[in-house]
Amino acid sequence: MMDLKEVFFDPNHPTLLGSCARAATAEEARFRVQYPNSRTRSSRIFALDAGAAEAMYAITEDPWNGAHFLTLVDRGPVDPATTDARDLPLAHPDGTSADLTEETDGADVVVLLATSGDNEGAAEVIAREAFHRHIMCAGLALGSGKSDASVDRVVNSMRRFATVLVVARDNDYIPAMLTALRA
Amino acid sequence: MLRKEYNDLLTQTDPGTSMGDMFRQYWVPALLASELAENDCDPVRVKLLGERLIAFRDTEGRYGLMDEFCAHRGVSLWFGRNEEGGLRCPYHGWKYDHTGQCIEVPSESAESGFCQKVKLRSYPLIKVGDVLWTHMGSEENRPPEPAWEFANLPPEQTYTSKRWQECNWLQAMEGGIDSSHVSFLHSGSLKTDPLFKGAKGNQYNQNDKKPVFEVVESDGGLYIGARRMAEDDHYYWRITPWVMPSFTMVPPRGDHPVHGHFWIPIDDENCWAWSFDYHPTRALTDKERQAMIDGYGVHNQYVPGTFRPRQNKDNDYLMDREAQRRGETYSGIWGIAMQDASLQESMGPIVDRTKENLVSTDNGIIMARHRLRKACEALRDKGIQPPGLVPEHQQVRSAARVLPPDQPFKDAMKDDLTVRPGVKQTSV
Ligand code: FES
Ligand SMILES: [Fe+2]
């Protein structure tokens, strides 16, 4: 049995409500300070294939907190051994090209979106860059209507690089997650 | 963060609310069977999903769960006389059977049939395992009886407790799927708690404090995998299942019994934290059972005669700063259950999720909220039944295992994560 000194509340020595655990009431919750407790994050979202880009473009117009949405330009498979961060072909939603090192400079969170396992090499280049900069890298595998085997390929393509990996059945998880992360 | 409209949607469960309707689709634990231990025993007040009810067991052993207040002038039937096949209001003697049907109004002649016209709202109450379950939704949609493994094993293999938690059900439940807090909040207890300590897996926990998470949707909810480094570049995996709306399990350690929880709304500012322990293939030892009774593991100690924890907000949870400094407990609060409850209650009755700053490792929580919201809206807008109602969704287990690096847990551990009668849990 535990050996702890009993310190039950003594009604003869009342504590100010706000200075003990009893303050966990709805009334006291009103006094939680109303100042912001964080500054805007810089989120970088990378769509690794056409399916992921399509899902991503559906939401890029929403009001985000400065998130950057980027797509991998399809120029065939990327060999991570020979591809420098600066050489990864990336594009902004308006079609202009983007530079991975500039995009990750000062970023707080990197999210990889994939619907196929085809771009493991590009995932590695991005994740490597995030790793060097100590940026959290999350992978989101979108599996709507796909077989288990093909979802596995997507997941496996990102497993080595992501600190957290999510296998979502529906694309509507993208905005749900980005909103939750204040992207 | 979560928008206020969704926070309201998920946290409000009174009658007429969307989440309340969703909870009313399920069989939910209402009482420990031991609370109504024998025929004609004392009635028990029960508040669930914002409804005040009275539970009793009649002369023939039938369980009743109904509106707490007499239809005549509103007296609480807790004062009632449980006698001769019904509960009689002590004020003017109206009597009700276990279905809430009024069977006697002494002032009126029996021939008038007046009592036929009076019926209290009632819900079925069934015993499965050492728990009495109720279904508060419509009879047409009554799901199959609870098929959870812990409730369907011989009594010597299981132990269940419940405690009152003074906050909304969702923030309590989110603790159950938030595996990233274990390396911090419970780090002291992993080494000392008799129901946790001594497992090989604990060393992996201690050695690698930065687990990598994988969240995978299942038919009934989610599997949340936490991966840590083991020997030879292998991974030590701990998998937490969540089944909608509020069933969670803790990954096992060694041959210790497996445990888990149900998080059931009492009202919007209070919930029942149900905690169960079981071993799939052997009886619990006397020592294990005694440790559970003494409040170790996921259980707790009580204010005598109540389901309120002995450590509660009126005594600052018996905070012990010296134990905190020594590292015996990470937060200074004794016991795994109260380490969680103290912090969750400190957030306030319904935490303001618009102020949160979630990070990627919170994806289990983000996904659970997302699934709940979608299921809730599908039920409200299209009448679609939510996941978690059928036995197949309930046949889940938590598991812990060391795997080679190239094997996804959801395939390699498929069998480990499913109930296999007569087969031991998969654990390290
Ligand atoms: S560190 Fe998670 S709530 Fe404070
Ligand atoms: Fe916990």
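Residues numbered from 1 in each chain as written. Chains lettered and ligands numbered in written order. Predicted model: local features only at pLDDT ≥ 70, side-chain atom pairs only at ≥ 80, totals over all residues. Heavy atoms only, no water.

## Brief notes about empty space enclosed by the protein
All names here are of chain B.
And then number 1: Summed over the entire model, instances satisfying the criterion amount to four cavities of 30 Å³ or more.
And then number 2: The space that makes up the largest cavity amounts to roughly 380 Å³.
And then number 3: Around the largest cavity, the lining is made up of 29 residues, and of these G175, H181, V182, H186 and V250 lie nearest the centre.
And then number 4: When residues of the lining of the largest cavity are traced back to their parent elements, those giving at least two are α3 (169-177), β14 (221-229), β15 (235-243), β16 (247-250), β17 (258-267) and α9 (336-346).
And then number 5: Split into classes, the residues belonging to the lining of the largest cavity amount to 13 nonpolar, ten polar and six charged.
And then number 6: By volume, the second largest cavity amounts to about 110 Å³.
And then number 7: Considering the residues around the second largest cavity, the lining is formed by 17 residues, among which Y26, W27, W148, F262 and Q394 are closest to the centre.
And then number 8: Contributions of two or more residues to the lining of the second largest cavity are made by β1 (27-32) and β17.
And then number 9: The residue inventory of the lining of the second largest cavity, partitioned by class, reads 13 nonpolar, three polar and one charged. (1 Å grid on protein atoms, 1.4 Å probe; cavity = no way out; pocket = protein on both sides within 12 Å on 5 of 7 lines; lining within 4 Å. Points joined across faces, edges and corners; volume = space filled by probe spheres on them. Helix = DSSP H or I, 4+ residues; strand = E, 2+ residues; numbered from the N terminus. Nonpolar A, V, L, I, M, F, W, Y, C, P; charged D, E, K, R; others polar.)

## Brief notes about the coordination of the iron ion (ligand 2)
For a metal with four donors in a tetrahedral arrangement, the ideal angle between donors is 109.5 degrees, while six donors in an octahedron ideally sit at 90 or 180 degrees.
All names here are of chain B.
And then number 1: Here the iron ion (ligand 2) is held by the protein donor atoms H181 (NE2), H186 (NE2), D340 (OD) and D340 (OD), which lie 2.1 to 2.3 Å from it.
And then number 2: Its four donor atoms give the iron ion (ligand 2) angles of 58 to 147 degrees at the centre, a pattern that matches the irregular case.
And then number 3: Each donor residue of the iron ion (ligand 2) lies on the same chain, and together they follow the pattern H-x4-H-x153-D. One exposure class covers both H181 and H186, and it is buried. (Donors = N, O, S within 2.8 Å, 3.2 Å for Na, K, Ca; no water. Tetrahedral: all angles 85-135°; square planar, octahedral: opposite > 155°, others 65-115°. Buried < 20%, exposed > 50% of the residue type's maximum accessible area, 1.4 Å probe, protein only.)

## So, the domain arrangement of chain B
All names here are of chain B.
And then number 1: Partitioning chain B into domains gives domain 1 (28-141) and domain 2 (149-413).
And then number 2: Taking only C-alpha atoms into account, the centre of domain 1 sits 34 Å from that of domain 2.
And then number 3: In total, domain 1 and domain 2 occlude about 1,300 Å² of area from one another, counting both sides; carbon and sulfur atoms represent 63% of this.
And then number 4: When the buried area of domain 1 at its contact with domain 2 is split by residue, P29, L32 and K47 rank highest and sum to 34% of it.
And then number 5: Summed over the shared surface of domain 1 and domain 2, the result is two salt bridges.
And then number 6: Among the salt bridges present, the one from K47 reaches D267, with a minimum N-O distance of 2.5 Å. (Domains from an automatic or database assignment. Buried area = accessible area lost by both parts, 1.4 Å probe. Salt bridge = Lys/Arg side-chain N within 4 Å of Asp/Glu carboxyl O.)

## Observations regarding the sheet that holds strand β2 (residues 44-48) of chain B
All names here are of chain B.
And then number 1: Judged by pairing direction, the sheet is antiparallel, and its four strands sit side by side in the order β2-β3-β4-β9 without closing on themselves. Every interior strand has two partners, whereas the edge strands, β2 and β9 (122-123), have only one.
And then number 2: Relative to strand β3 (residues 51-57), β2 runs antiparallel, the two sharing five bridges. Paired with R45 across the bridge in β3 is I54. (Pairing = 2+ DSSP bridges.)

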